[in-house]
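Per-entry structural report
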Amino acid sequence: MLFLELFGYLLLILVAAEVFVNALEHLGEKLHISEGVTGSLFAAIGTAMPETLVPLLAIFGGTGNTVTNEEIGVGAILGAPLMLSTLSLSLMSVAVLKRRGIQGHLTPEKTGLKRDLDFFLMAFLLAFVAMFVPHGDGWVRVALAFVMVMIYFFYVMLTLRASAKLVEDGHATEAGSPMLLSRLGFPQNLFFIVVQLALVLALLVGGAKGFIHGVELAAPIIGISALLLSLMIIPIATELPEKVNSILWIRKRKDTLAFGNITGAMVFQGTLLPAIGISLTPWAPQKEVLLGVVITLVAAFWLRWAALNGGLRVWHLFVNGALYVAYLTAVLV
């Protein structure tokens with residue numbers, strides 16, 4: 001029954017992600033914004049809700065054990081960018097391997113991808129440094145957290161500012177199929193686009209929370225700690241919307257939307273959530289945590305280098321997947 005429950009929630013997430021992508025494309029087209037804004041801001045923040053809720057609920061009283069709450073919170077905060085920068089990117093390459101080949105080109109709009117990765121690396125390096133700041137130096141931690149929040153604010157401003165020029169250059173968001181609600185007889189206007197988004201977002205959050213509940217029940221059978229659970233298993237469930245949305249987009253050759261959905265989520269989860277973790281948890285350099293942060297930074301640097309030096313190819317993302325396998329091997333062995 002437990003595995004049937006997990007399969008049911010997984011199916012719900014997959015269906016909801018398809019409908020969510022449909023609504024987002026129509027929203028971006030209706031607002032005349034670029035694919036970069038649609039992917040990096042709208043899609044990234046919307047599908048990041050499940051993994052945003054998990055650490056917040058944990059830190060503010062997930063269980064009666066404060067240490068367990070902090071472990072789940074820190075693990076979920078840092079596990080999400082780790083999963084996105086490694087496994088999620090490699091799954092996109094698997095999705096297009098047959099059509100494009102191992103040497104096939106991936107063509108996201110470069111200025112937006114570079115901006116996403118630059119802001120993520122800037123913030124995540126600060127999160128790394130904060131691990132070595134003593135918990136007693138509260139003012140230093142608060143200052144670092146404030147800087148990380150401001151990094152995301154400036155990122156949003158620059159992304160919105162770049163939208164108009166990208167639209168002129170042919171990177172406007174275009175819907176590939178009619179909106180689902182319009183097929184059911186509702187008018188295809190902004191109000192019903194937002195209604196479809198809200199309904200599907202609720203399904204995404206509910207599906208991810210149900211999947212997490214099932215995974216937590218299975219954890220004692222697997223026999224791992226709360227920290228490893230949150231670093232390795234919870235992000236698999238909470239990152240499913242990003243993975244599925246990006247795979248759907250890249251299979252339709254909408255590479256800018258596919259990459260923006262993941263790298264935009266990395267910026268969101270590499271700034272605001274670590275700022276909360278730095279302020280409210282010990283944020284100590286435990287072995288599993290420290291290795292996860294290092295692997296995430298290496299994966300992001302590699303993606304940036306590959307994109308700006310000759311262009312991304314399918315095989316480049318397999319390196320990101322190999323980094324995730326290396327992390328699993330290190331922490332499990």
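What you see is a predicted model, and the numbers here were worked out from it, not measured in a lab. (Residues numbered from 1 in each chain as written. Predicted model: local features only at pLDDT ≥ 70, side-chain atom pairs only at ≥ 80, totals over all residues. Heavy atoms only, no water.)

Helix and strand content of the protein: 13 helices and 2 strands. Split into buried and exposed, the 333 residues of the protein put 53% on the buried side. Within the protein, counting contacts between residues at least 6 apart in sequence, those at least 24 apart form 83% of the total. (Helix = DSSP H or I, 4+ residues; strand = E, 2+ residues; numbered from the N terminus. Buried < 20%, exposed > 50% of the residue type's maximum accessible area, 1.4 Å probe, protein only. Contact = heavy atoms within 4.5 Å.)

Let's shift gears to the pattern of salt bridges. Under the criterion given, the structure shown has 3 salt bridges. In this structure, the salt-bridge partner of arginine 100 is aspartate 255, at a minimum N-O distance of 2.8 Å. Here the residue arginine 100 occupies a position in helix α4 (residues 66-100), and aspartate 255 occupies one in helix α11 (residues 255-280), the gap between them amounting to 155 residues. According to the relative accessible area criterion, aspartate 255 is buried, its value standing at 2%. Notably, a salt bridge pairs aspartate 118 with lysine 114, separated by 2.8 Å at the nearest N-O pair. Remark: lysine 114 and aspartate 118 occur in helix α5 (residues 110-130); sequence separation between them is 4 residues, near one turn of the helix. Overall, aspartate 118 belongs to the partly exposed group, its relative accessible area being 22%. (Salt bridge = Lys/Arg side-chain N within 4 Å of Asp/Glu carboxyl O.)

So, on to a nonpolar patch on the surface. A cluster of nonpolar side chains, Phe7, Leu11, Leu14 and Val15, forms an exposed patch at the surface whose accessible area comes to about 380 Å². With respect to the element layout, leucine 11 can be found in helix α1 (residues 2-31). (Patch = residues over 30% accessible without salt bridge, like charges linked within 9 Å, V, L, I, M, F, W, Y side chains within 5 Å. Areas by Shrake-Rupley, 256 points an atom, 1.4 Å probe, with all protein chains shown as cover.)

Attention shifts here to the packing of helix α12 (residues 287-308) against helix α13 (residues 314-332). One can describe the packing of α12 onto α13 by two numbers: an axis separation of 10 Å at closest approach and a directional angle of 170 degrees. Taken together, the axes of α12 and α13 lie roughly antiparallel to each other. In contact with Glu288, Leu291, Gly292, Ile295, Val298, Ala299, Trp302, Leu303 and Ala306 of α12, α13 contributes Trp315, His316, Leu317, Val319, Asn320, Leu323, Tyr327, Ala330 and Val331. Looking at the contact of α12 with α13, its residues break down into 14 nonpolar, 3 polar and 1 charged. (Axes fitted to C-alpha atoms, helices over the stretch in contact; angles between N-to-C directions. Parallel < 35°, antiparallel > 145°, perpendicular 65-115°, else oblique. Nonpolar A, V, L, I, M, F, W, Y, C, P; charged D, E, K, R; others polar.)

Our focus in this paragraph is the nonpolar core. One finds Leu78, Met92, Leu106, Ile250, Phe259, Trp283 and Leu312 to be the most contacted residues of the largest nonpolar core, which totals 83 residues. Considering every element that reaches this core, the biggest residue donor is α11, with 11 residues. Aside from chain neighbours lying at most four places away, what touches methionine 92 is Ser246, Ile247, Ile250, Ala258, Phe259, Ile262 and Leu317. (Core = buried A, V, L, I, M, F, W, Y, C linked by side-chain atoms within 4.5 Å.)

Once that is clear, we can look at the environment of leucine 24. As for its position among the elements, leucine 24 is in helix α1. Note: C-alpha distance between leucine 24 and isoleucine 193 (169 residues apart in sequence) is 8.0 Å.

So, on to the packing of aromatic side chains. On inspection of all chains with the given rule, the structure shows 10 aromatic pairs. Taken together, the ring pairs connect Phe119, Tyr152, Tyr155 and Phe268 into an aromatic cluster. (Phe/Tyr/Trp six-rings, centres within 6.5 Å; stacked < 30°, edge-to-face > 60°.)

Let us now look at α1. Helical periodicity: at 3.6 residues per turn, an α-helix aligns residues three or four positions apart in one direction. Look at α1: 43 Å from first C-alpha to last across 30 residues, which is about the 44 Å you get at 1.5 Å a residue. One or two residues past the end of α1 sits histidine 32, with phi positive at roughly 55 degrees. (Expected span 1.5 Å × (residues − 1).)

Quick look at the packing of α4 against α13 now. Following both chains from N to C, one finds α4 and α13 inclined at 140 degrees, their axes separated by 7 Å at the closest point. Judged by the inter-axis angle, α4 sits oblique to α13. Judged by the twist between their axes, the crossing of α4 over α13 is left-handed. Considering only residue class, the contact of α4 with α13 consists of 14 nonpolar, 6 polar and 1 charged. (Left-handed = near helix turned anticlockwise from the far one by under 90°.)

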